[in-house]
Amino acid sequence: MSDISLPKPSHPLPEWLNPERWLASIVESSEDAIIGESLDGVIMSWNSGATRIFGYSAEEAVGKPVTMLAWPGEEARVEAYLERLREGQRVDHFEVLRRHQDGHRVIVSLSLSPIMDNTGSIVGIAKIARDLTAQRNATDLLAERDSQLAVMTEQEALARAETVFERRFHELLEYAPDAIVQVDGQGRIVVANHSAEQMFGYSRPELMQLRVEDLMPEGVRHGHDRHRADFMAANRTRPMGHGLDLYALRKDRSTFPVEISLSPVRAGEDTFVTAVIRDVSQRREAESRMRELQESYMAELRDRQAEAERLNRLKSEFMASISHELRTPLHTVIGFAELLAEETEAQLSDRQRRFLTHIRKDSEHLLGLINDVLDLSRIEAGGLTLHTESLGLHAVADEVVESIRPYAESRSVSVHLAAPMDFDVLADRLRLRQILTNLLSNGAKFTPSGGSVTVHARRDADMVEVAVVDTGVGIPREESGRIFEKFYQVGYTPVGVREGTGLGLAICRQLVEMQSGRIWVESEPGQGSRFIFTLPAASL
Ligand code: ADP
């Protein structure tokens, strides 16, 4: 402290004003801690202010390292200040945390300055520490109050948000397109929204005077008390009158269709029922318009179908009659051609014989065509009656094989039954012959020379399944359904065999189906065909 100089007194000072004592008393009476430290951080002097702030007495402090005042963990920082001071720098008014002897936290503002001797070299450190703890605590308190205030405003904001939410929710309920009413245990209306007023035509005060039954048509009021009690007891949300057409009653006594959803609401001891009521007049109207439209379409469809069936019948009748008319002169042509061929009247030249053969062949073909058309027309017009009886399949099939054989052999195709057929079927003999004849002659017709046509049969439950199997040209899979249509012939059928009418299989299908059977084909091009039909078995 030798560098501290006092103003030179202009006249002799009294003893008590001796500079050292004067200084010592200032230091002692200072509120601040005034501490002298050696350059290596050992406490050299300690005033009563230091004792007051840090707790240690001068005896306890002097000779101890200054780091004992550091807040635990801050020792390195204390060292760093010492370093700066050793280099001759001052450190003014910086706030640090220090530790009181009893361990509590002390906040001080520090000013440090180097102490120099007469030669100007640094010999120690003067430290003044002002206690800011009380001040800081007051600031903390303020900060705490501020944050409390902030909490309050947060709560206010929350409260405000809740109010907005409630208002929106209220608006939502109020203007929901559905009427919403709440009734108490006695059925009195206690809440009603704006839509309820609109829907029922009552003002809200009027609604509050009503019981829920007043909003129902008279016919359904009876017993509603009990329904309501049951619903409250069950205590679960559900639609009302499931599967029923519900109606509601307006103030003007008009009714309208509604859908109602009910939910129970408990409030303390009481149970209320909330009913959401939807006016479904428009939907019902649209539904009934749709129904009317659908019905009128259906009626039109039925009319058109009836008309189509009538025209089809007319066409078939016309075909039947025209075929009949054509057949008569054709028989005459064939008859006279046969007479001529007998050459009883005169010898014919070779040319004339050839002409006659053409006339007979084409006339017979024409007759075949007319017979097919006639058959199909009769079937379609419902004019064909069947004489169903129990028939031995073997005999009928054998007859047909024999009748086809000459034609098949003329094409070098063999035809035979695969095995004896010990089955009785329920069928019309003539029509069964016709089916088999068609299938066998097709087989012979579409099988190249050297091939074969075989008839198989087997029992399948209460049906007998007959298969006509050939080794012929086969049928592409995509055609196998269409060949049973009228006039359909497979496109690639070899030239020379296109002599049919395209009616044979159509007739077969009609005849089989009329006798409760089915007919189909299994075939691949080049792999032969297997035509299968079923007929009811006559015996078990
Ligand atoms: P079509 O008088 O032409 O024989 P169908 O109705 O009997 O008339 O047969 C229709 C068509 O089905 C035939 O033109 C032919 O293309 C095909 N088809 C019928 N049977 C056979 C068969 N066994 N093998 C190959 N194709 C056949």
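Provided above is the structure to which this section pertains.
Presented here is a report on the structure given in the accompanying data block.

**Structural notes on the overall build of the protein chain**
Each helix and strand counted, the protein chain has 14 helices and 18 strands in total. Since a compact globule built from 540 residues should have a radius of gyration of about 24 Å, the 61 Å found for the protein chain marks it as more spread out than a globular shape. Along the three orthogonal principal directions, the C-alpha set of the protein chain runs to about 195 × 75 × 45 Å. The long-range fraction of contacts in the protein chain, counting pairs at least 24 apart against all pairs at least 6 apart in sequence, stands at 55%.

**Some thoughts on the pairing of strand S2 (residues 43–46)**
Pairing of strand S1 (residues 33–38) with S2, which is carried by three bridges, proceeds in the antiparallel orientation. Note that in S2 the partner of Gly-36 across the bridge is Ser-45. Linking S1 to S2, which pair antiparallel, is a turn of four residues; within it Gly-41 sits at a positive phi near 85°.

**Describing the site of the ligand**
Around the ligand, the surrounding shell holds 21 residues, and the nearest of these are Asn-442, Asp-470, Gln-489, Thr-501 and Leu-505. Contact between the ligand and Asn-442: an oxygen atom at 2.8 Å from a side-chain N or O atom of the residue. One of the side-chain nitrogen or oxygen atoms of Asp-470 is found 2.8 Å away from a nitrogen atom of the ligand. Protein chains bury 97% of the 520 Å² of accessible surface belonging to the ligand in isolation. Within the residue set of the shell around the ligand, elements represented by two or more residues are helix H13 (429–445), helix H14 (504–514) and strand S18 (529–536). Element by element, the count of residues in the shell around the ligand is highest for H13, at three residues. Grouping the constituent residues of the shell around the ligand by class yields nine nonpolar, 10 polar and two charged.

**As for helix H4 (residues 75–86)**
In a regular helix each residue adds 1.5 Å, so 12 residues correspond to 16 Å; H4 covers 17 Å between its end C-alpha atoms and thus fits that length. For H4, the set of buried residues is Val-78, Tyr-81, Leu-82 and Leu-85. Looking down the long axis of H4, one finds its buried residues gathered within 100° of arc, a one-sided arrangement. Positioned one or two residues after H4, Gly-88 has a phi angle of 90°, which is positive.

**Quick look at unusual backbone geometry**
Within the chain, Glu-343 stands out as a residue other than glycine whose phi angle is a positive 55°. Structurally, Glu-343 can be placed in the loop between helix H10 (281–342) and helix H11 (350–380). At Ser-412, a residue that is not glycine, the phi angle is positive and equals roughly 55°.

**What about the sheet that holds strand S16 (residues 463–470)?**
The strand order across the open sheet built from five strands is S13-S15-S16-S18-S17, with neighbouring strands paired in mixed fashion. The sheet is open, and its two edges are formed by strand S13 (414–417) and strand S17 (519–523), each paired on a single side. Going across the sheet, the axis of each strand differs from the next one's by a mean of 20°, ignoring polarity. One ladder, built from five bridges, connects S17 with S18; its direction is antiparallel. The partner of Ser-523 across the bridge, within S18, is Ser-529. In this fold H13 packs onto S13, strand S15 (452–460), S16 and S18, with an angle of close to 175° to the strand it touches most, S18.

**Digging into helix H12 (residues 393–410)**
In a regular helix each residue adds 1.5 Å, so 18 residues correspond to 26 Å; H12 covers 26 Å between its end C-alpha atoms and thus fits that length. Along H12, the residues that are buried comprise Leu-393, Val-396, Ala-397, Val-400, Val-401, Ile-404 and Ala-408. Where H12 terminates, the next one or two residues include Ser-412, which has phi positive at roughly 55°.

**Examining the nonpolar core**
Counting 47 residues, the largest nonpolar core has Leu-432, Leu-436, Leu-439, Leu-440, Ile-483, Phe-531 and Phe-533 as its most contacted members. When residues in this core are grouped by element, the largest group, seven residues, is from H12.

**Structural notes on the packing of aromatic side chains**
By the definition in use, this model includes five aromatic pairs. Judged by centre distance (6.4 Å) and plane angle (75°), the ring pair of Trp-46 and Tyr-56 falls under edge-to-face. Note that Trp-46 is positioned in strand S2 and Tyr-56 in the loop between helix H2 (48–54) and helix H3 (58–61), a separation of 10 residues in sequence. Exposure class is identical for Trp-46 and Tyr-56. Each is buried. Of the aromatic side chains, those joined through ring pairs into one cluster are Trp-46, Phe-54 and Tyr-56. One cation-aromatic arrangement involves Arg-518 over Trp-520; the distance from NZ or CZ to the ring centre is 4.3 Å.

**Remarks on the sheet that holds strand S5 (residues 122–131)**
One open sheet accounts for five strands, arranged S2-S1-S5-S4-S3; its pairing is antiparallel. Single-partner strands in this sheet number two, and they are S2 and strand S3 (91–99). Neighbour-to-neighbour, the strand axes of the sheet open up by a mean angle of 30°, direction not taken into account. Examined bridge by bridge, S3 and strand S4 (residues 105–116) share seven bridges and lie antiparallel to one another. Bridge pairing in S4 places Phe-94 opposite Leu-110. On the sheet, H4 packs against S1, S3, S4 and S5 and is oriented at approximately 155° with respect to S3.

Cut-offs used in this document
- Note on numbering: residues in each chain are counted from 1, in written sequence order.
- Local features in this predicted model are restricted to residues whose pLDDT is 70 or higher, and side-chain atom pairs enter the listing and the counts only when it is 80 or higher, whereas totals over whole chains, interfaces and linings include all residues.
- Side-chain figures throughout are based on the complete set of non-hydrogen atoms in the structure, without hydrogens or water.
- Numbering of helices and strands starts at the N terminus; helices are DSSP runs of H or I of at least 4 residues and strands are runs of E of at least 2.
- Radius of gyration here uses only the C-alpha atoms, and the compact-globule reference equals 2.2 Å multiplied by the residue count raised to the power 0.38.
- The contact criterion used is simple: two residues touch if any of their non-hydrogen atoms lie within 4.5 Å.
- A pair of strands counts as paired when DSSP detects no fewer than two bridges linking them.
- Only heavy atoms are used to decide nearness, and a residue is near a molecule or strand if one of them lies within 4 Å of it.
- Under this definition, polar contacts are N or O atom pairs within 3.5 Å; protein pairs additionally need one hydrogen-donor-capable and one acceptor-capable atom, and for neighbouring residues in sequence, both atoms have to be side-chain atoms.
- Only the protein chains shown count as cover for residues, and all accessible areas are computed by the Shrake-Rupley method using a 1.4 Å probe.
- Throughout this entry, Asp, Glu, Lys and Arg are counted as charged residues, while Ala, Val, Leu, Ile, Met, Phe, Trp, Tyr, Cys and Pro are counted as nonpolar. The remaining residues, Gly among them, count as polar.
- A helix is expected to reach a length of 1.5 Å times the quantity of its residues less one.
- Here's how the labels work: a residue is buried when its accessible area is under 20% of the maximum for its type, exposed when over 50%, partly exposed in between, all with a 1.4 Å probe on protein chains only.
- It is the directions from the helix axis to the C-beta atoms that the arc portrays.
- For every element, the axis is a line fit to its C-alpha atoms; helices are fit only across the contacting stretch, and the angle between N-to-C directions ranges from 0 to 180 degrees.
- Only buried Ala, Val, Leu, Ile, Met, Phe, Trp, Tyr and Cys residues count toward a nonpolar core, and they belong to the same one when joined by side-chain atoms within 4.5 Å.
- Centres within 6.5 Å are what make two rings of Phe, Tyr or Trp a pair, Trp counting through its six-membered ring; a difference in plane orientation under 30 degrees is then read as stacked, over 60 as edge-to-face, and the rest as tilted.
- Think of it as a cone above the ring: NZ of Lys or CZ of Arg counts as a charge over the ring if it is within 6 Å of the ring centre and within 35 degrees of the ring normal.

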